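# Residue-level structure breakdown
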Amino acid sequence: MFQNRNEALLLALPAAVFAAVIFLVPVAILLSESFRSPAGWSLAPYWAFFSEPLNQTVFWRTLKLGLQVTAVSAVIGYAAAFAIVSLPAGSKGRMIGLVMLPLMISPVARTYAWIVILGRTGIVNQALHGLGLTDAPIRILFSETAIFIGLLQLFLPLMIISLISALENLPRDVVPAARVLGANWLQIFWKVVLPLTREGLVIGGTLVFTGSLTAYITPAILGGSKVLMLETLLYQRVTVANDFVSAGVIALILVVMSFATNLLLKRIATVRTRT
């Protein structure tokens with residue numbers, strides 16, 4: 001053990017300096033570019049960015065998909081976490097392993113698998129045609145639906161793991177006590193389970209929403225150039241247009257949206273707990 005706090009800080013200093021030089025400094029330089037205009041430092045690049053209809057559409061699409069993925073992940077995550085926590089110890093370990101298994105597979109491979117599933121000759125279209133629900137293949141790829149499905153599959157395990165951890169710390173007697181007092185399952189969840197597992201929901205929601213905002217591979221493959229999101233638009237601005245000012249604007253927007261979501265989730269959880 002360390003003799004005093006100063007020794008611990010001294011040993012951590014090289015890692016902190018390394019992280020600052022390798023990560024924070026380049027990010028700060030990129031973000032500072034977003035305030036640079038021909039007239040000097042100003043907010044003009046942001047006005048110019050949001051004045052373009054395409055950028056507005058991409059911004060709202062990114063925000064909408066991020067919120068949708070987070071909300072659906074929370075609903076599915078609570079159901080899955082409840083089921084897994086109620087299992088015996090051996091079965092619980094195996095189920096958690098299955099939930100974590102997709103995280104061990106490359107996002108590129110997982111995303112390309114959706115092309116096989118959602119393509120015009122994919123499993124989904126073949127099933128719909130076999131059931132007589134459609135006469136011709138429907139277009140699922142290169143749409144918001146495809147991106148939503150890909151992002152949900154990509155980040156749902158993070159929500160489930162976060163909620164499992166929160167539910168395992170839930171006192172065992174609170175749910176039976178609420179049922180004895182006459183509460184139904186909706187009341188139990190809303191007034192007992194949700195307030196006591198809010199930290200897991202905040203962590204899972206932040207991970208899922210931030211990941212949905214910043215993921216590049218899944219929107220690029222499943223959305224293509226027809227359905228842009230902020231991260232794919234940023235890539236285009238850097239590699240195609242060589243526009244680092246717009247890239248800095250998009251990067252700062254993504255950072256602000258991520259922090260704002262985390263603060264909002266914490267605020268909602270705090271308010272819900274007080275009420």
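## Thoughts on the confidence of the model for the protein chain
The pLDDT averaged across the protein chain works out to 86; a share of 95% of its residues lies at or above 70. The secondary-structure element of the protein chain with the lowest mean pLDDT is strand β1 (residues 36-37), recorded at 72, while helix α3 (residues 53-85) shows the highest, at 94.

## Topic: the packing of α3 against helix α7 (residues 144-168)
Viewed as axis vectors pointing N to C, α3 and α7 meet at an angle of 40°, and their least axial separation amounts to 6 Å. If you check the angle between α3 and α7, you find them oblique. Crossing hand, α3 versus α7: right-handed. Here the residues of the contact of α3 with α7 are counted per class, giving 21 nonpolar, 4 polar and 4 charged.

## Structural notes on the nonpolar core
Residues I147, L151, V193 and L222 are the most contacted members of the largest nonpolar core, which totals 38 residues. Counting only elements with at least two residues in this core, the list comes to α3, α5 (107-118), α7, α8 (174-180), α9 (185-196) and α11 (217-223). For L151, the contacting residues outside a window of four places in its chain are V69, S212, A215, T218, P219 and M229. By size, the runner-up hydrophobic cluster in this structure holds 17 residues, among which are F49, L213, A251 and L254.

## Re the pattern of salt bridges
Enumeration according to the criterion identifies 4 salt bridges in this entry. Linking R61 and E144 is a salt bridge whose minimum nitrogen-to-oxygen distance equals 3.1 Å. Within this pair, whereas R61 is found in helix α3, its partner E144 is found in helix α7, the two being separated by 83 residues in sequence. On the accessibility criterion, E144 (27% relative accessible area) is partly exposed.

## Quick word on α7
For α7, spanning 25 residues, the distance from its first C-alpha to its last is 35 Å, which sits close to the expected 36 Å at 1.5 Å a residue. The axis of α7 is deflected most strongly, by about 40°, at F155, and proline P157 appears within four residues downstream.

Thresholds, definitions, all that
- Residues numbered from 1 in each chain as written.
- Predicted model: local features only at pLDDT ≥ 70, side-chain atom pairs only at ≥ 80, totals over all residues.
- Heavy atoms only, no water.
- pLDDT = per-residue confidence, 0-100.
- Helix = DSSP H or I, 4+ residues; strand = E, 2+ residues; numbered from the N terminus.
- Axes fitted to C-alpha atoms, helices over the stretch in contact; angles between N-to-C directions.
- Parallel < 35°, antiparallel > 145°, perpendicular 65-115°, else oblique.
- Left-handed = near helix turned anticlockwise from the far one by under 90°.
- Nonpolar A, V, L, I, M, F, W, Y, C, P; charged D, E, K, R; others polar.
- Core = buried A, V, L, I, M, F, W, Y, C linked by side-chain atoms within 4.5 Å.
- Buried < 20%, exposed > 50% of the residue type's maximum accessible area, 1.4 Å probe, protein only.
- Contact = heavy atoms within 4.5 Å.
- Salt bridge = Lys/Arg side-chain N within 4 Å of Asp/Glu carboxyl O.
- Expected span 1.5 Å × (residues − 1).
- Bend = angle between axes of the 7 residues up to and from the residue.

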